[in-house]
Amino acid sequence: MSKQLAILLTALAAAPAGAALPRHPDLDLEAANRLAARAIASCRAEGRAIVAAVVDRGGNLVALQRDDGVGPHNTEASRRKAYTALSTRKPTLLLARDAQAVPDTRNLATLPELLLLGGGIPLLVEKQVVGAIGVAGEGGPLNDHACAQRAIGAVPGLDQPTP
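S.K.: Please explain the nonpolar core as it appears in this structure.
M.R.: Ranked by internal contacts, the top residues of the largest apolar core, which has 24 residues, are Leu35, Val54, Leu123 and Ile133. Contributions of two or more residues to this core are made by α2 (29-44), β1 (51-56), β3 (120-125), β4 (128-136) and α5 (141-151). Element by element, the count of residues in this core is highest for α2, at seven residues. Not counting residues up to four positions away in its chain, the partners in contact with leucine 35 are Leu27, Val54, Leu123, Ile133, Ala151, Ile152, Val155 and Leu158. One finds Val55, Ala82, Leu86 and Val129 within the second-largest nonpolar core, a separate group that totals six residues.

Structure follows, in structure tokens:
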């Protein structure tokens, strides 16, 4: 046996046998459905109809709810806003503003899955990203963002986003 292999085996044997993988909070179906339903109810109160999409930490669609009368393009837009917020760990409204203001970040708009348009907000538990919500159809990026932000209060334990 070579000396390097012997050193490697000794180091592996010395590692703690019970070393566990880190644990992370997860976003479950019930919480995702509550977020989407709260977003729809919040927007309805303003006389607007939306689509709300919620993705988990891996970008998988967990919940999608569409109100009556919303244009079909808003379904994909809400999912992409949620995905963008998750992927960049930043509200899409701020990301869009940054992309306009900073020439080096404008190329983000060329990535096929990202949508730099307000309405996507990452979902945090103890500052860890557990998913994201995306809202589309509310009548502009500021309205979509506000509606998504109001929905976050529907799930206790989620960190409240800063305005």
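S.K.: Looking at this model, I keep getting lost on the pattern of salt bridges. Mind explaining?
M.R.: Pairing between side chains becomes possible if they bear opposite charge and their charged atoms approach one another. Under the defined criterion, the tally for this structure stands at nine salt bridges. A salt bridge links glutamate 30 to arginine 34; the shortest N-O distance between them is 3.0 Å. Separated by four residues within a single helix, glutamate 30 and arginine 34 lie in helix α2, roughly one turn from each other. Aspartate 67 serves as the salt-bridge partner of arginine 44, at 2.6 Å between the closest nitrogen and oxygen. Taken together, the residues arginine 44 in helix α2 and aspartate 67 in the loop between β2 (61-66) and α3 (73-88) connect sequence positions 23 residues apart. Three or more residues are tied together by salt bridges with common partners; here these are Glu76, Arg79 and Glu113.

Here is what the cut-offs are and how they apply
Residues numbered from 1 in each chain as written. Predicted model: local features only at pLDDT ≥ 70, side-chain atom pairs only at ≥ 80, totals over all residues. Heavy atoms only, no water. Core = buried A, V, L, I, M, F, W, Y, C linked by side-chain atoms within 4.5 Å. Buried < 20%, exposed > 50% of the residue type's maximum accessible area, 1.4 Å probe, protein only. Helix = DSSP H or I, 4+ residues; strand = E, 2+ residues; numbered from the N terminus. Contact = heavy atoms within 4.5 Å. Salt bridge = Lys/Arg side-chain N within 4 Å of Asp/Glu carboxyl O.

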